[in-house]
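Now for the letters of each chain:
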Amino acid sequence: MKLLIIEDEQGLRDNVTQFLQKEQYTVEAAADFHSAMEKIALYDYDCILLDVGLPDGNGLNLLRALKSKQKRDNVIIISAKDSLDDKLEGLNLGADDYLTKPFHLAELNARIKAVLRRKALDGGNVVKLNNMELDFNGRTLCIDGVTIHLNRKEFDILAFFVVNKNRLIYKSALAEHVWGDHMDNADNFDFIYSQIKNLRKKLKDHGANLEIQAIYGVGYKLTV
Amino acid sequence: MKLLNHTLLYLSASLVFILSIWAVVFYFSMMEEVYDSIDDGLENYKMLIIKKASRDSLLLTKSRFDESNYAIRPIDREFALRATEQFKDTSMYMEYEEDYEIMRMLTTYFSTPQAQYYELKIITSMVEGDDLVADLLHALLWLYVAVIASAFIINNWVLRKIWRPFYQLQHELRGFKLGEDKTFNPPQTKVTEFEDMNNTVAELLKANIAVFQQQKQFIENASHELQTPLAIAINKLELLLEQTQGKEAQVQLLANAIQYLERMTRLNKSLLLLSKIENRQFSKEETVDFNERLRRQADDFEELLHYRNIQLDWIDNAKLQGRFNADLADVLITNLLKNAIVHNYDGGWITVTVGKDEFEIANTGRPQPLDTDKMFTRFYRSADQSSSTGLGLAVVKAIAQHYQAEVGYRYVDGLHRLYFRLPHLM
């Protein structure tokens, strides 16, 4: 999988590149509008992370150029603006997703994977992990061919762990992904623990071949 | 006191002064003129009598005034040569007035060709000083009344008309509010002073509006600009966190740092949201079903409520709907619900009541009422909530103001009750 990150802030570019390389992606980076334009014209990417606020041009114009060339690259817009209008405009122009800064890297990872999964033509939108199958369309979990009932939030939690397997998931990243960003640590994320406990029990009862570990009360990690 | 009456007050006070001085000056100059002309008449008379006496010596024997106005008596040569002609005021019994009246008398001396010396006294009636003063005062009083009355009428009629642009400006300014979209229209006028004032006020307001906009823009821009460095810092710490696995103390420190950066992010987002609400960037409206939306948002808090053993009850008295921006409705509801959970105690309860034009969220909590003056201001938070942004209720207030809705707080029967009432027009 080949990804392109178009971002003028070097710090952010480096973070994302470093993080995504660990996911076995080929990651290229462009720091400004013109070099991004060149790269888009020359190569095809599976997913493009596009910062719309570039100093030398509006990122949305890159998106327009991309679509006018009939390219099928997936685009995730990254913006410092949490504005619904921008979001709608970006999505209308053909972007696949919209992510507001600041974001957790695990969240970015989940978004990229979702986009790539939807793109895969064999589709089905199913992720397999050991003896476990996670169907993102039907939002169901099968372990050894047996369908297990998960409620909406349990599925979201598990899916987030699965796409970020073997990574430490910081508590607030999980809370934001599942409950939305109004759930902040004023509420103290202890309640997540009881959710994880339930999920763990379900997985264990059905003989899932994986484990969700708590890491020093800071976060969790799905180890395969 | 109105400006109109101020003018009148100063005018009447100064008129008293001016008219008094004028009366004194007028009196003396008139008296001088009167004396002058009477004395001239006497001189003329004197010459006529002397001329006549030189022809008709019978005249020289008229030693009493009687019916005429002169008297002649012979005098010594020495006395005549030493004496000088003089005018003086004297009094004389007047048959007509039956009283002594002031008369003007000329005493002069002449000689006939026969070297006989005579003293000639001529009198004429004088203006009566006291009568004159009385008349003058009387006239002055009327003049004063007339001037004040006309000034009053002119003030009321003309000045009111002239000052109209001023009152219009005043009216415009009273209706003007910084931060509202209303533009300021100075009233049209042909009076240079008012035109100047209108222009000055218009310029001043324009500058103020610009500063206000800049300030609002600044908060928005600053919040925007902070997002990227915050993102980078959080992400770097996340990367470091992954590499630091196995070392608990370091992991805790890093997690702690992330926690604070996230708090800053939330602060930043809330400020941005406030600016956006105030800048009216949520214009898209739809019909929002509050009963349904309240339940849907409460669903997100289900696990948290369960964890804290807080019971949530619903009382749907009516269907509550209104034209509302959907995102703002969600923000409003989550902020209020979260407020009711965060400020609650474990094992407490929350009651959501939906009425025809309002909904109320009542919760158990600390057994004291909150400070209603401060609870909706920015960065106000109770002492036990150090990690909250202190902006949640400020956002609620801003949303209420945006929709001219009412948000209020009551503390009844040990329950904190926050209600949100939609305006009737919605």
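Treat the numbers as computed from the prediction; the structure is a model and nothing was measured. (Residues numbered from 1 in each chain as written. Chains lettered and ligands numbered in written order. Predicted model: local features only at pLDDT ≥ 70, side-chain atom pairs only at ≥ 80, totals over all residues. Heavy atoms only, no water.)

Chemist: Looking at this model, I keep getting lost on the overall build of chain B. Mind explaining?
Modeler: Secondary structure summary: chain B contains 10 helices and 11 strands in total. Burial statistics for chain B: of 426 residues in total, 41% are counted as buried. The long-range fraction of contacts in chain B, counting pairs at least 24 apart against all pairs at least 6 apart in sequence, stands at 65%. Put simply, chain B shows about 25,200 Å² of open surface, and 56% of that area lies on carbon and sulfur atoms. (Helix = DSSP H or I, 4+ residues; strand = E, 2+ residues; numbered from the N terminus. Buried < 20%, exposed > 50% of the residue type's maximum accessible area, 1.4 Å probe, protein only. Contact = heavy atoms within 4.5 Å. Areas by Shrake-Rupley, 256 points an atom, 1.4 Å probe, with all protein chains shown as cover.)

Chemist: Honestly, the environment of Ala298 of chain B in this entry has me stumped. Any pointers?
Modeler: Residue and element names in this part refer to chain B. Examined against the element boundaries, Ala298 turns out to sit in helix H7 (residues 290-300). A C-alpha to C-alpha distance of 9.1 Å links Ala298 and Lys338, two positions 40 residues apart in sequence. Residues in contact with Ala298, not counting those within four places in the same chain, are Leu312, Trp314 and Leu337.

Chemist: Honestly, the pairing of strand S14 (residues 219-223) of chain A in this entry has me stumped. Any pointers?
Modeler: Consecutive side chains along a regular strand alternate between the two faces of the sheet. Residues and elements named next belong to chain A. Within S14, 4 of the 5 residues are buried, leaving the element largely enclosed by the surrounding structure. Across 3 bridges, strand S12 (residues 168-170) lies against S14 in antiparallel orientation. Bridge pairing in S14 places Tyr170 opposite Gly219. The pairing of strand S13 (residues 211-215) with S14 spans 5 bridges and is classified as antiparallel. Each residue of the ladder has a partner; that of Glu211, found in S14, is Thr223. Between S13 and S14, which pair antiparallel in sequence order, lie 3 residues; one of them, Tyr216, sits at a positive phi of approximately 45°. (Pairing = 2+ DSSP bridges.)

Chemist: Help me understand the nonpolar core in this model?
Modeler: The nonpolar side chains of a soluble globular protein tend to be buried with one another. Counting residues in hydrophobic clusters, the biggest one holds 95 residues, and the most contacted among them are Leu174 and Leu203 of chain A together with Phe290, Phe324 and Phe359 of chain B. The element best represented in this core is helix H9 (residues 326-342) of chain B, accounting for 9 residues. Apart from the residues lying within four places of it in its own chain, the contact partners of Leu174 of chain A are Ile157, Phe160, Phe161, Ile169, Trp179, Ile192, Ile196 and Tyr220 of chain A. (Core = buried A, V, L, I, M, F, W, Y, C linked by side-chain atoms within 4.5 Å.)

Chemist: Whenever I open this one, the pattern of salt bridges confuses me. Can you help?
Modeler: Any two side chains of opposite charge can pair, on the condition that their charged atoms come close. Inspection of the entire model under this criterion finds 33 salt bridges over all chains. Where Glu303 of chain B meets Lys153 of chain A, a salt bridge forms, and the shortest distance between an N and an O atom there is 3.1 Å. Of the two residues, Glu303 of chain B sits in helix H8 (residues 302-308) while Lys153 of chain A sits in helix H6 (residues 152-163), which places them in two different chains. Residue Glu303 of chain B shares its accessibility class with Lys153 of chain A, and that shared class is buried. Glu358 of chain B is the salt-bridge partner of Arg421 of chain B, the closest N and O atoms lying 2.9 Å from each other. A residue pair is termed long-range when its members are at least 10 positions apart, and Arg421 of chain B in strand S11 (residues 415-421) and Glu358 of chain B in strand S9 (residues 358-363) qualify at 63 residues. On the basis of relative accessible area, Arg421 of chain B is assigned to the partly exposed category, the value being 26%. Where salt bridges share partners, they join Lys22, Glu23, Lys113 and Arg167 of chain A together with Glu242 of chain B into one cluster. (Salt bridge = Lys/Arg side-chain N within 4 Å of Asp/Glu carboxyl O.)

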